[in-house]
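# Coordinates in review
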Amino acid sequence: MATSDWLAAFEKTAAAIGAWEPSSAATLSALDAVRIDFLGRNGRLTEVLKGLKDLPLEDRKLYGPKAQSARAELEGRIAARKAALESHRDLSLEKSGVDVTLPASPALRGRLHPVTLMMGEMTRVLGLMGYSLAEGPLVETDWHNFEALNIPAHHPARDAHDTFYLKDLPTLLRTHTSPVQVRTMEKTKPPLKIVCPGRAFRRDAVDASHSAVFYQMECLAVGHGITFADLKGTLEVFMRTLLGSSTRIRFRPSFFPFTEPSAEVDVSCLLCGGQGSGGGGKGCSACKQSGWVELLGAGVVNPAVFKLVGLDPEEWTGFAFGIGIERLAMMKYRIPDIRLFYENDLRFLDQFDEDIL
Ligand SMILES: [Zn+2]
């Protein structure tokens, strides 16, 4: 290398070093970047120093010391800045009383509400059984909530469905998820299998087992030749998958305007295994020693409902069942009071996650 070339490179680097303001390195890592830039293995000053060996002896003697002193000076400035940054860091930490050696606090992770978890699991199981999700509005017409489900204005069954009416009658907050059945049958030609989970409302006084707002899940199957036996089989598979393979179910005759025949369905008590015993000789309190817990309403779709939604009851048959989601969660997790679901107490909510399902 010609001495003049080397000299030009050296002067350029020396000028860059001279122009560097140590205070511009605000952190130790920024300072280290400067050190690597000039003094690293392929740093700018390192390259210049490597070039010295190619110069004639005379020039080496002349410029070598200059280059070495440039390096020493830069190293000195970097070391001084490093010390300043470190002492500053120590001081500020001491003053603030922060102990950087303490372990970090764990990040809080949100989780799904137990009602959401239960609803998701129920929908998932029915999805595996071929049911598709259907949804409808919370504010319903009188037609969809009552009339089309064979509950005319004068019918005493409306007593059990007292709800909140909106100003522009006849709209109301739906009292069950059954109106979704009506809406689906009005616009979709059978055969169909749907599951409709969602919120429902009743003008109930709030107590340990009643809430004015609650969650329900409705299931409907319509097709050719569907019978009560299909309903029984479906509920048996559904409950066993959801609650365990030893779960038993039983049907008791009941009445709903939109199904005929209708049944209340009980499942064997999860807590005592259907024995009714336990609780230190006093018997199982969850099932009042009967071994059974009343869980849902079901039945074969009333031909009157098919007529009302414009389907031929001679051609189509079907079944439906509706189940309270909180009630199932209360039984499954032994929750004594429905109000716990709505109090937003983290000590309660923190106990649920996907793993316990
Ligand atoms: Zn029991």
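Please refer to the structure higher up on the page.
Notes on the structure in this doc start here. (Residues numbered from 1 in each chain as written. Predicted model: local features only at pLDDT ≥ 70, side-chain atom pairs only at ≥ 80, totals over all residues. Heavy atoms only, no water.)

## Quick word on the overall build of the protein chain
When helices and strands are counted, the protein chain shows 11 helices and nine strands. Here the C-alpha atoms of the protein chain give a radius of gyration of 39 Å, more than 25% beyond the 21 Å that 2.2 N^0.38 yields for 357 residues. Projected onto its principal axes, the C-alpha coordinates of the protein chain cover approximately 115 × 55 × 45 Å. Within the span of the protein chain, comprising 357 residues, buried residues form 43% of the whole. A fraction of 68% describes how many contacts in the protein chain between residues 6 or more apart in sequence connect residues 24 or more apart. For the protein chain, the exposed area adds up to about 19,500 Å²; of that, 55% sits on carbon and sulfur atoms. With 41 positive and 44 negative side-chain charges, the protein chain shows a spacing of 4 Å between the two charge centroids. (Helix = DSSP H or I, 4+ residues; strand = E, 2+ residues; numbered from the N terminus. Rg over C-alpha atoms; globule rule 2.2 N^0.38 Å. Buried < 20%, exposed > 50% of the residue type's maximum accessible area, 1.4 Å probe, protein only. Contact = heavy atoms within 4.5 Å. Areas by Shrake-Rupley, 256 points an atom, 1.4 Å probe, with all protein chains shown as cover. Lys, Arg positive; Asp, Glu negative; His and termini not counted. Charge placed at Lys NZ, Arg CZ, Asp CG, Glu CD.)

## Describing the coordination of the zinc ion
Geometry sets the ideal angles at a metal, namely 109.5 degrees for four tetrahedral donors and 90 or 180 degrees for six octahedral donors. Listed as protein donors to the zinc ion are Cys269 (SG), Cys272 (SG), Cys284 (SG) and Cys287 (SG); their distances from the metal cover 2.2 to 2.3 Å. Geometry at the zinc ion is tetrahedral, judged from its four donor atoms and the angles of 104 to 115 degrees they form at the metal. Taken in chain order, the donor set of the zinc ion reads C-x2-C-x11-C-x2-C. Here Cys284 lies in the loop between strand 7 (259-268) and strand 8 (292-301) and Cys269 lies in the loop between strand 7 and strand 8, a separation of 15 residues in the sequence. Across this residue pair, the class does not change: Cys269 and Cys284 are buried. (Donors = N, O, S within 2.8 Å, 3.2 Å for Na, K, Ca; no water. Tetrahedral: all angles 85-135°; square planar, octahedral: opposite > 155°, others 65-115°.)

## Some thoughts on the side chain of Asn145
In this structure, Asn145 sits in helix 6 (residues 142-145). According to the relative accessible area criterion, Asn145 is buried, its value standing at 0%. A polar contact is formed between the side chain of Asn145 and the side chain of Thr175, at a distance of 3.0 Å. Discounting residues that sit within four places of it in the chain, Asn145 has contacts with Glu140, Ile151, Leu172, Arg174, Thr175, His176 and Pro179. (Polar contact = N/O pair within 3.5 Å; in protein donor to acceptor, adjacent residues only side chain to side chain.)

## Describing the layout of surface pockets
Volume-wise, the second largest pocket comes out at about 190 Å³. If you go around the second largest pocket, the residues you meet are Leu108, Arg109, Gly110, Arg111, Leu112, His113, Leu346, Leu349 and Asp350. Split by residue class, the lining of the second largest pocket holds four nonpolar, two polar and three charged. (1 Å grid on protein atoms, 1.4 Å probe; cavity = no way out; pocket = protein on both sides within 12 Å on 5 of 7 lines; lining within 4 Å. Points joined across faces, edges and corners; volume = space filled by probe spheres on them. Nonpolar A, V, L, I, M, F, W, Y, C, P; charged D, E, K, R; others polar.)

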